[in-house]
Amino acid sequence: VQVPVAFTVRDECSNGVPAVSPILFFFGGSTYLVDSGISDLANGTYNYSFDTTGKALGWYNLTAQAGIGYYPQTNASSANAFRIGKTPELQSPSVNTTLGGWGEAWGFTVDCRDTDGDSFNATLWKRQNASAAWAVLQTQSCQGTSFQTLSFVRTFSCGEISSSAEYKFNAS
């Protein structure tokens, strides 16, 4: 996952200052110093994309430092600028269609957890066929470091039943 970082360097008249020597410091589970790959947009704005792959989990503070010519070096910091966490997990999705007709209750289940202990939403989606748009059927909250089963119940009308209908769950 990439974390976008943008910062602006201004002079005493609030004008953007291009062509500085920028350095970014990421302090968190580990410390990372970045002094290359920072894009200068030539108007005082600088962009960088921090790759979180393989980085330590946790909250990160960010400090942007800039210097140019004979001016004193300056910096600005943001506490808890972003957090690297684990992805929520979904497993064992199932649908109970033993009754299977319209007007009858269909049961859907999925096991969920977040090993960081964060709360997240598990959403059941449906589309009528492979070329149709996905539509949300129901959303439930999941929280806990151990897997728990969420149950979704939906009664479909006659026009909603199709042998080519597809269902999925996602976490957000």
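What you see is a predicted model, and the numbers here were worked out from it, not measured in a lab. (Residues numbered from 1 in each chain as written. Predicted model: local features only at pLDDT ≥ 70, side-chain atom pairs only at ≥ 80, totals over all residues. Heavy atoms only, no water.)

K.L.:
What's the story with the overall build of the chain in this structure? I'm lost.
P.N.:
Helix and strand content of the chain: 0 helices and 13 strands. In the chain, the order of α-helices and β-strands from amino to carboxyl end is β-β-β-β-β-β-β-β-β-β-β-β-β. In terms of overall dimensions, the chain is more spread out than a globule: its C-alpha atoms have a radius of gyration of 24 Å, far above the 16 Å expected for 172 residues. Referenced to the eigenvectors of the C-alpha coordinate spread, the extents of the chain come out at roughly 80 × 35 × 25 Å. Out of the 172 residues in the chain, the part that is buried amounts to 28%. Here the analysis covers contacts within the chain between residues at least 6 apart in sequence; of these, 61% occur between residues at least 24 apart. Counting every atom, the chain has about 10,000 Å² of accessible surface; 50% of that belongs to carbon and sulfur. Here the chain contributes 9 positive and 13 negative side-chain charges, whose respective centroids are spaced 7 Å apart. (Helix = DSSP H or I, 4+ residues; strand = E, 2+ residues; numbered from the N terminus. Rg over C-alpha atoms; globule rule 2.2 N^0.38 Å. Buried < 20%, exposed > 50% of the residue type's maximum accessible area, 1.4 Å probe, protein only. Contact = heavy atoms within 4.5 Å. Areas by Shrake-Rupley, 256 points an atom, 1.4 Å probe, with all protein chains shown as cover. Lys, Arg positive; Asp, Glu negative; His and termini not counted. Charge placed at Lys NZ, Arg CZ, Asp CG, Glu CD.)

K.L.:
Is there a simple way to explain the side chain of Thr63 in this structure?
P.N.:
Looking at where Thr63 falls in the secondary structure, it is placed in strand β6 (residues 58-67). A polar contact is formed between the side chain of Thr63 and the side chain of Ser77, at a distance of 2.7 Å. (Polar contact = N/O pair within 3.5 Å; in protein donor to acceptor, adjacent residues only side chain to side chain.)

K.L.:
Help me understand the state of the cysteines, please; the structure alone is not making it clear to me.
P.N.:
A covalent bond between the sulfur atoms of two cysteines is referred to as a disulfide. On inspection of all chains with the given rule, the structure shows 1 disulfide. Two residues share a disulfide in this structure: Cys112 and Cys142, whose sulfurs sit 2.1 Å from each other. Measuring handedness by torsion sign, the sulfur bridge of Cys112 and Cys142 sits at about 100 degrees and is right-handed. Of the two residues, Cys112 is situated in strand β9 (residues 105-113) and Cys142 in strand β11 (residues 135-143); the sequence distance between them amounts to 30 residues. Comparing Cys112 with Cys142, the two get one shared label, buried. (Disulfide = S-S within 2.5 Å.)

K.L.:
I'm lost on the side chain of Thr123 in this one. Help?
P.N.:
If you trace the backbone, Thr123 turns up in strand β10 (residues 119-127). Given the relative accessible area of 5%, Thr123 is considered buried. Among the polar contacts listed, one links the side chain of Thr123 to the side chain of Thr139, at a separation of 3.1 Å.

K.L.:
I would appreciate a short explanation of the pattern of salt bridges in the present structure.
P.N.:
Note on pairing: side chains with opposite charge can pair once their charged atoms come close. Within the structure shown, the criterion is met by 5 salt bridges. Residue Asp116 pairs with Arg83 through a salt bridge whose shortest N-O separation is 3.3 Å. One end of the pair, Asp116, is in the loop between β9 and β10; the other, Arg83, is in strand β7 (residues 74-84), with 33 residues separating them in the sequence. On the basis of relative accessible area, Arg83 is assigned to the partly exposed category, the value being 35%. Between Arg83 and Asp118 there is a salt bridge; the shortest N-O distance is 3.0 Å. Highlighted residues: Arg83 in strand β7 and Asp118 in the loop between β9 and β10, separated in sequence by 35 residues. The structure contains a network of salt bridges with shared partners spanning Arg83, Asp116 and Asp118. (Salt bridge = Lys/Arg side-chain N within 4 Å of Asp/Glu carboxyl O.)

K.L.:
Help me understand the environment of Asn15, please; the structure alone is not making it clear to me.
P.N.:
Turning to its location among the elements, Asn15 is positioned in the loop between β1 (2-8) and β2 (21-27). On a C-alpha basis, the gap between Asn15 and Arg83 in space is 31 Å, while along the polypeptide they are 68 residues apart. The contacts of Asn15, once residues within four sequence positions are left out, are Val9 and Arg10.

K.L.:
What exactly am I supposed to notice about the environment of Gly107 here?
P.N.:
Among the secondary structure elements, Gly107 is positioned in strand β9. Measuring from C-alpha to C-alpha, the distance between Gly107 and Ser94 comes to 8.2 Å, with 13 residues separating the pair along the chain. Contacts of Gly107, omitting those with residues within four sequence positions, involve Ser94, Val95, Asn96 and Phe152.

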